[in-house]
Amino acid sequence: MNIKDAQKEVDNWIKDHGVRYFNELTNMAQLTEEVGEVARIIARRYGEQSEKESDKDKDLGEELADVLFVVLCLANQTGVDLQRAFDKRMDKKAKRDHDRHHNNEKLK
């Protein structure tokens, strides 16, 4: 599935199950909440914090998918073609950073 298809699938889900999109500010708050859940898992599972028993069954993939869902909602409701924007950004990064990371002594 490409990003354009994912945007369409989310839009169909909203129409079939969600009634309507939350407004942009609500979705921004929702995105922040979902990113916080990802951060909690990363900090405890891969960082220096100890993982609480209640967090051990959290699925990082599902939490990342929640972030993606809200990003797709925001793109849909603001008229952003995320596939086009992503392709454009990747092209820019490929040109700008072609040798940048290979020449970074910190990464060796």
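Residues numbered from 1 in each chain as written. Predicted model: local features only at pLDDT ≥ 70, side-chain atom pairs only at ≥ 80, totals over all residues. Heavy atoms only, no water.

If you check an unreviewed UniProt entry, the protein chain appears there as Nucleotide pyrophosphohydrolase from Algibacter agarivorans.

### Focus on the side chain of Gln 77
Just so we agree on the cut-off: Counting from the N terminus, the helices are the DSSP runs of H or I reaching at least four residues and the strands are the DSSP runs of E reaching at least two. Pairs of N or O atoms within 3.5 Å make up the polar contacts considered here, provided that, within protein, one atom can donate a hydrogen while the other can accept it, and that residues adjacent in sequence are counted only when both atoms are side-chain atoms. Only heavy atoms enter the contact rule, under which two residues are in contact if any of them lie within 4.5 Å.
Mapped onto the elements, Gln 77 comes out in helix α3 (residues 60–78). A polar atom in the side chain of Gln 77 sits 2.8 Å from the backbone oxygen of Phe 22. The contact partners of Gln 77, leaving out residues within four places of it in the chain, are Tyr 21, Phe 22, Asn 23, Glu 24 and Asn 27.

### Quick look at the nonpolar core
Stated precisely, the cut-off is as follows: Residue types Ala, Val, Leu, Ile, Met, Phe, Trp, Tyr and Cys, when buried and joined through side-chain atoms within 4.5 Å, form a set referred to as a nonpolar core. Exposure classes here rest on a 1.4 Å probe applied to the protein chains alone. A residue is buried below 20% of its type maximum, exposed above 50%, and partly exposed in between.
Leu 31, Val 38, Ile 41, Leu 60, Val 67, Val 70 and Leu 74 together form the largest nonpolar core, which totals 7 residues. Secondary-structure elements contributing two or more residues to this core are α2 (24–45) and α3. Here the element with the most residues in this core is α3; it accounts for 4 residues. Setting aside anything within four residues of it in sequence, one finds Leu 60 in contact with Val 38, Ile 41, Ile 42, Arg 45 and Tyr 46.

### Quick word on the packing of aromatic side chains
Test applied: Note on aromatic pairs: the rings of Phe, Tyr and Trp (six-membered ring only in Trp) are paired at centre separations within 6.5 Å, and the planes decide the class, stacked below 30 degrees, edge-to-face beyond 60, tilted for the rest.
Under the criterion given, the structure shown has 1 aromatic pair. Note on Trp 13 and Phe 69: the rings are 5.6 Å apart at their centroids and 90 degrees apart in plane angle, and the pair reads as edge-to-face. Residue Trp 13 is found in helix α1 (residues 3–18), and its partner Phe 69 is found in helix α3; the two are separated by 56 residues along the sequence.

### Concerning the pattern of salt bridges
Selection criterion: What counts as a salt bridge is simple: a side-chain nitrogen of Lys or Arg found within 4 Å of a carboxyl oxygen of Asp or Glu.
All chains considered together, the criterion is met by 9 salt bridges. Two residues, Lys 95 and Asp 91, come together in a salt bridge whose shortest N-O distance is 3.0 Å. Note that Lys 95 and Asp 91 are positioned in helix α4 (residues 82–96) at a spacing of 4 residues, about one turn of the helix. According to the relative accessible area criterion, Lys 95 is exposed, its value standing at 61%. A residue is classified by how much of its surface remains accessible, and Asp 91, at 39% relative accessible area, is partly exposed. For the salt bridge of Asp 97 with Arg 96, the shortest nitrogen-to-oxygen distance reads 3.0 Å. Linked through salt bridges whose partners overlap, the residues forming this network are Arg 40, Arg 44 and Asp 55.

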